[in-house]
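Geometric and topological summary
Listed below are the residues making up each chain.
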Number of protein chains: 2
Amino acid sequence: MSEPSDPLADPTGAALVELLGMVAFGELLAFDRMAADARLAPDLHRRAVLSEMAAAEIVNYRRLAARLAELGIEPAEAMAPYVTALQGYHDSTEPKDWLEALTKAYVGDGIADDFFREVAAFLTERDRQLVLDVLHDSHYADFACHEIRAAIAADPKVANRLSMWARRLVGEGLSQAQRVAGERIALTLLIVEGTGDQSGVQALFRRLTAAHTARMTTVGLNN
Amino acid sequence: MSEPSDPLADPTGAALVELLGMVAFGELLAFDRMAADARLAPDLHRRAVLSEMAAAEIVNYRRLAARLAELGIEPAEAMAPYVTALQGYHDSTEPKDWLEALTKAYVGDGIADDFFREVAAFLTERDRQLVLDVLHDSHYADFACHEIRAAIAADPKVANRLSMWARRLVGEGLSQAQRVAGERIALTLLIVEGTGDQSGVQALFRRLTAAHTARMTTVGLNN
């Protein structure tokens, strides 16, 4: 019944819209979070650095919104399904200082980017490239990593506190991710089909976990 | 004693650094404020629009920071004198909803931009052009104006509340501006010399007031 040009008519198109909507809302929230974190910066120089990194997220957002519009989908409509889960995650993990804010960005963006990179592999060339392009560049991770390591070097007790904080972030993130997976059927199907089967999905999660553990070690935190 | 290349050595150079520092910190705060305001947006579309406008401030910030660096001044150092006053203004005028946020941006940026435009006239060509370039483009004012007029059309009582809010903004802004003027001697001198004398300064303030009144009328608010 539907025109082939309607991306919601075929499962891959629906999955693509679900994925782009999630990544786009993720960019808007990353912008929002970094802008708020900038206020926690201990000096004007760091505040400016973080504000500049926040602004870069908006450039990415604009590219995703343009692609959605090209597919005939209002960006706001594609993002709407993720508002409750992503906002819920951020509200329940409000950093109370600069180091918690950086750890949250380092841990959360790291896992999210790995996940998007895995899913991008199941898309056709053009959209795969778009998703890979809008992943966070390594500047932010390098900056956060440098700040966290310096703080631990200055006061080793910081490592314990931030390790506990990181575990809480992962726990909250997983519970919201399960919620989204149960609701976004097209995207979940794409992942199951893309990885092959249930064991393929499990292997994907093992890869995400291993990469997260490696990042924690790099920055001097315990998993 | 000082090298002529040291911009703090001659009064105009000192005034230039004071002005660029103020405009640069104004951009960082405008970014911060719009990013926070985006969270008050009634829908995702408006949220994205405001986030995109916030990001544009950072592009301007970067140009000002680059010019300061070229003058041999750390941007953070040039901005530091304005932190207390500008942050004080923003803390004492925290908008409690979307319309207050838009009114604040419309009123405050309007006056600030008029002021910077006047002072830019006293600079040499290159820096005059830089300051004029980084003034807010009219998109934001148009957007705010449209939203405020629509809200008043839907509920005329809104005009009263927002008019009172705008008067409070101007009052708080003036008291912080006086404080800055008393502290930033080089910039204050530049304005007095640029306008000619005390009566020139008064004429400048009359122009700022007249333009503010016209903006209030345009948007349907009473001065």
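Just so it is clear, the structure is predicted and the values come from calculations on it, not from any experiment.

**Overview of the overall build of chain A**
A count of helical and extended segments in chain A gives ten helices and zero strands. Counting helices and strands in the order they occur from the N terminus, chain A gives α-α-α-α-α-α-α-α-α-α. Evaluated residue by residue, chain A yields a buried proportion of 50% over its 223 residues. When the accessible surface of chain A is summed, it comes to about 10,300 Å², and 58% of that surface belongs to carbon and sulfur atoms. Taking the average place of the 22 positive charges on the side chains of chain A and the average place of its 32 negative ones, the gap between the two points comes to 7 Å.

**Here we look at the side chain of Glu27(B)**
All names here are of chain B. With respect to the secondary-structure elements, glutamate 27 resides in helix α1 (residues 11-38). Put simply, glutamate 27 is tucked away with no salt bridge, and the nearest opposite charge, on arginine 33, sits 8.6 Å away. Dropping the residues within four chain positions of it, glutamate 27 is found in contact with Glu57, Asn60, Tyr61, Leu64 and Val134.

**Quick look at the packing of helix α5 (residues 98-120) of chain B against helix α6 (residues 125-134) of chain B**
Between two packed helices, what matters for the description is the angle formed by their axes and the separation of those axes. Residue and element names in this part refer to chain B. Following both chains from N to C, one finds α5 and α6 inclined at 170°, their axes separated by 9 Å at the closest point. Here α5 is positioned roughly antiparallel relative to α6, judged by the angle of their axes. Every residue of α6 that contacts α5 at Phe116, Arg117 and Ala120 is listed here: Arg128, Val131 and Leu132. Residue composition of the contact of α5 with α6, grouped by class: four nonpolar, no polar and two charged.

**Focus: the pattern of salt bridges**
All chains considered together, the criterion is met by 38 salt bridges over all chains. Lys96(B) is the partner of Glu100(B) in a salt bridge, and the nearest nitrogen-oxygen pair spans 2.9 Å. Among the charged side chains, a salt-bridge network with shared partners connects Arg67(A), Glu70(A), Arg126(A) and Asp127(A).

**A short note on helix α2 (residues 44-70) of chain A**
All names here are of chain A. Between its first and last C-alpha, α2 extends 40 Å over 27 residues, near the 39 Å set by a 1.5 Å rise per residue. A distance of 3.2 Å separates the backbone nitrogen of histidine 45 from a side-chain oxygen at the start of α2, and that oxygen is part of aspartate 43. Glycine 72 lies just past α2 and shows a positive phi near 85°.

**Digging into the packing of aromatic side chains**
In the structure shown here, the tally under the stated rule is five aromatic pairs over all chains. Seen in terms of ring centroids, Phe115(A) and Phe116(A) are 5.8 Å apart; in terms of plane orientation they differ by 55°. Their pairing is tilted. Each member of the pair Phe115(A) and Phe116(A) is classed as buried. With centroids separated by 6.2 Å and ring planes inclined at 75°, the aromatic side chains of Trp98(B) and Phe143(B) adopt a geometry described as edge-to-face. One end of the pair, Trp98(B), is in helix α5; the other, Phe143(B), is in helix α7 (residues 138-154), with 45 residues separating them in the sequence. Taken as a pair, Trp98(B) and Phe143(B) share a single burial class, namely buried.

**Quick notes on the environment of Pro81(A)**
All names here are of chain A. Mapped onto the elements of the fold, proline 81 is located in the loop between α3 (75-79) and α4 (83-92). On the basis of relative accessibility, which here comes to 26%, the residue proline 81 falls in the partly exposed class. Taking the C-alpha atoms as reference points, proline 81 and tryptophan 98, separated by 17 residues in sequence, lie 30 Å from one another. Residues in contact with proline 81, not counting those within four places in the same chain, are Glu183 and Arg184.

**So, the interface of chain A and chain B**
Taken together, the contacts link 24 residues of chain A with 24 residues of chain B. Interface of chain A and chain B: buried area, both sides summed, is about 2,000 Å²; carbon and sulfur atoms make up 63% of it. Considering only the side of chain A, the residues that lose the most area to chain B are Leu44(A), Arg47(A) and Glu52(A), jointly responsible for 27% of the buried surface there. Of the charged contacts, one joins Arg39(A) and Asp32(B) as a salt bridge, the two residues approaching to 2.5 Å between their closest N and O atoms. Viewed at the interface, chain B and chain A are joined by four residue pairs in polar contact (both at pLDDT 80 or more). Secondary-structure elements contributing two or more residues to the side of chain A that touches chain B are α1 (11-38), α2, α3 and α4 of chain A. Split into classes, the residues belonging to the side of chain A that touches chain B amount to 16 nonpolar, three polar and five charged.

**A word on the relation of the copies chain A and chain B**
Rotating chain A by 180° and moving it 0.0 Å along the rotation axis overlays it on chain B with an RMSD of 0.0 Å. This pairing of chains is accounted for by a two-fold axis. Relative to the rotation axis, the C-alpha of Ala55(A) is the closest in chain A, positioned 2.2 Å from it. A shared interface surface links the copies, since 100% of the contact residues of chain A are contact residues in chain B too.

**Describing the environment of His146(A)**
Relative to the elements of secondary structure, His146(A) occurs in helix α7 (residues 138-154). Spatially, the C-alpha atoms of His146(A) and Ala54(A) are 18 Å apart, while their sequence positions differ by 92 residues.

**Regarding the confidence of the model for chain A**
Looking at chain A as a whole, its pLDDT mean stands at 90, while 95% of the residues score no less than 70. Note that residues 1-9 of chain A has pLDDT below 50 and, in this model, nine contacts with residues that lie over four places away or in other chains.

**Some remarks on helix α8 (residues 157-183) of chain B**
All names here are of chain B. With 27 residues, α8 extends 40 Å between its outermost C-alpha atoms, agreeing within 8% with the 39 Å of an ideal straight helix rising 1.5 Å per residue. Within α8 the residues assigned to the buried category are Val158, Ala159, Leu162, Ser163, Trp165, Ala166, Leu169, Gln176 and Val180. Looking at the buried residues of α8, the elements they touch are α4 (83-92), α5, α7 and α10 (198-219).

**Some remarks on the packing of α5(B) against α8(B)**
Residues and elements named next belong to chain B. With their axes 10 Å apart at the nearest point, α5 and α8 run at an angle of 45° to one another. Accordingly, the angle class assigned to the pair α5 and α8 is oblique. When you trace α5 past α8, the crossing you get is right-handed. Along the contact surface, α5 presents Leu99, Glu100, Thr103, Lys104, Val107 and Ile111, while α8 presents Val158, Arg161, Leu162, Trp165, Ala166, Leu169 and Val170. Taken together, the residues that form the contact of α5 with α8 break down as nine nonpolar, one polar and three charged.

Analysis parameters
- Residues numbered from 1 in each chain as written.
- Chains lettered and ligands numbered in written order.
- Predicted model: local features only at pLDDT ≥ 70, side-chain atom pairs only at ≥ 80, totals over all residues.
- Heavy atoms only, no water.
- Helix = DSSP H or I, 4+ residues; strand = E, 2+ residues; numbered from the N terminus.
- Buried < 20%, exposed > 50% of the residue type's maximum accessible area, 1.4 Å probe, protein only.
- Areas by Shrake-Rupley, 256 points an atom, 1.4 Å probe, with all protein chains shown as cover.
- Lys, Arg positive; Asp, Glu negative; His and termini not counted.
- Charge placed at Lys NZ, Arg CZ, Asp CG, Glu CD.
- Salt bridge = Lys/Arg side-chain N within 4 Å of Asp/Glu carboxyl O.
- Contact = heavy atoms within 4.5 Å.
- Axes fitted to C-alpha atoms, helices over the stretch in contact; angles between N-to-C directions.
- Parallel < 35°, antiparallel > 145°, perpendicular 65-115°, else oblique.
- Nonpolar A, V, L, I, M, F, W, Y, C, P; charged D, E, K, R; others polar.
- Expected span 1.5 Å × (residues − 1).
- Polar contact = N/O pair within 3.5 Å; in protein donor to acceptor, adjacent residues only side chain to side chain.
- Phe/Tyr/Trp six-rings, centres within 6.5 Å; stacked < 30°, edge-to-face > 60°.
- Buried area = accessible area lost by both parts, 1.4 Å probe.
- Least-squares fit on C-alpha atoms with pLDDT ≥ 70 in both.
- pLDDT = per-residue confidence, 0-100.
- Left-handed = near helix turned anticlockwise from the far one by under 90°.

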